[in-house]
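# Remarks on the overall topology
If you want the building blocks of each chain, they are given just below.
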Amino acid sequence: MPSEKTTRQGQAWDQLAKDAYGDELLRLCLLYLGDRQLAEDAFQETMVKAWRALENFRGESGMKTWLFHIAVNTCRDMLRSGWFRMRKKSVPLDVMPELEQQEDEHAREIAAAVLSLPGKYREVMVLYYEQGMRIREIAEALHMPLNSVSSRLRRAKALLRNEVEGGNDA
């Protein structure tokens, strides 16, 4: 059972993490999962997991990197679940008001193309472009070698370019 001091610190940290990274974490989950309700569930699960693991946080990476690692793993777990695989994978943008509200048609097209990428490419694109993380931070968050992150990012850009350019030719 955690001490009163640990509980107070955990509550203070939980509020700080929600205030500082809440919107970014929720957007990451939304872009990763393509479903608002699932994203909210993943966000809440991320916060619960982070709070439970707070004692084990050694500070070897930044708190943002640590939280994003937990969020990505939570989203991965949700995507692997049997019931999720049985669901329709593509979600129209009108179901995702955050993306539909973008005024730029090209931005909506790119967002839809990013959502259609395989998970391992989508996650690096979201972390790099949406969250503004550096390759080193992504490697830490995903527990991957730098070269692997660079390769996935390069491949994701190529797939995205083909998707967007291919969509314009049709």
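As the structure is a computational prediction, the values presented were derived from the model and not from experiment.

Reading the values: rules and limits
- Residues numbered from 1 in each chain as written.
- Predicted model: local features only at pLDDT ≥ 70, side-chain atom pairs only at ≥ 80, totals over all residues.
- Heavy atoms only, no water.
- Helix = DSSP H or I, 4+ residues; strand = E, 2+ residues; numbered from the N terminus.
- Contact = heavy atoms within 4.5 Å.
- Areas by Shrake-Rupley, 256 points an atom, 1.4 Å probe, with all protein chains shown as cover.
- Salt bridge = Lys/Arg side-chain N within 4 Å of Asp/Glu carboxyl O.
- Buried < 20%, exposed > 50% of the residue type's maximum accessible area, 1.4 Å probe, protein only.
- Arc of directions from axis to C-beta.
- Core = buried A, V, L, I, M, F, W, Y, C linked by side-chain atoms within 4.5 Å.
- Expected span 1.5 Å × (residues − 1).

Helix and strand counts for the protein chain stand at nine helices and zero strands. When the helices and strands of the protein chain are placed in sequence order, the string is α-α-α-α-α-α-α-α-α. Excluding contacts between residues fewer than 6 apart, the proportion of contacts in the protein chain whose partners are at least 24 apart in sequence is 68%. Just so you have it, the protein chain exposes about 10100 Å², and 48% of that area is on carbon and sulfur atoms.

This brings us to the pattern of salt bridges. The final tally for this structure, using the stated rule, is six salt bridges. Of the charged contacts in the structure, one is a salt bridge between Glu24 and Lys64, with a shortest N-O distance of 3.1 Å. With a gap of 40 residues between them, Glu24 in helix H1 (residues 4–33) and Lys64 in helix H3 (residues 63–80) connect regions that are remote in the sequence. Using a relative accessible area of 25% as the deciding quantity, one classes Glu24 as partly exposed. Notably, a salt bridge pairs Glu40 with Arg36, separated by 2.9 Å at the nearest N-O pair. Placement of both Glu40 and Arg36 in helix H2 (residues 36–53) is noted, with a separation of four residues, approximately one turn of the helix. When its relative accessible area of 29% is taken as the criterion, Arg36 is described as partly exposed. One network of salt bridges, in which partners are shared, links Lys49, Asp77 and Arg80.

So, on to unusual backbone geometry. Despite not being glycine, His143 shows a phi value in the positive range, around 55°. Inspection of the secondary structure puts His143 in the loop between helix H8 (135–142) and helix H9 (146–169). For His143, a relative accessible area of 61% puts it in the exposed group.

Attention now moves to H8. Regarding H8, the residues found buried are Ile138, Ala139, Ala141 and Leu142. On an axial view of H8, the arc spanned by its buried residues comes to 165°, and they lie on one face. At the C-terminal side of H8, His143 shows a positive phi close to 55°.

So, about the nonpolar core. Counting 43 residues, the largest nonpolar core has Leu25, Leu28, Leu33, Val124, Leu127, Ile138 and Leu142 as the members making the most contacts within it. Counting only elements with at least two residues in this core, the list comes to H1, H2, H3, helix H6 (105–116), helix H7 (119–130), H8 and H9. Sorting elements by how many residues they give to this core places H3 first, with nine residues. The residues touching Leu28, leaving out its near neighbours within four places in the chain, are Phe68, Ala71, Val72, Val126, Leu127 and Gln131.

What follows concerns the environment of Arg152. As for its placement among the helices and strands, Arg152 is situated in helix H9. Classification of Arg152 by relative accessible area gives partly exposed; the value is 23%. Non-local contacts of Arg152, meaning those with residues more than four positions away in its chain, are made with Lys120, Tyr121, Glu123, Val124 and Met144.

Right, let's get into H3. Between its first and last C-alpha, H3 extends 26 Å over 18 residues, near the 26 Å set by a 1.5 Å rise per residue. Judged by how many residues are buried, H3 sits mostly within the fold: 13 of 18 residues are covered.

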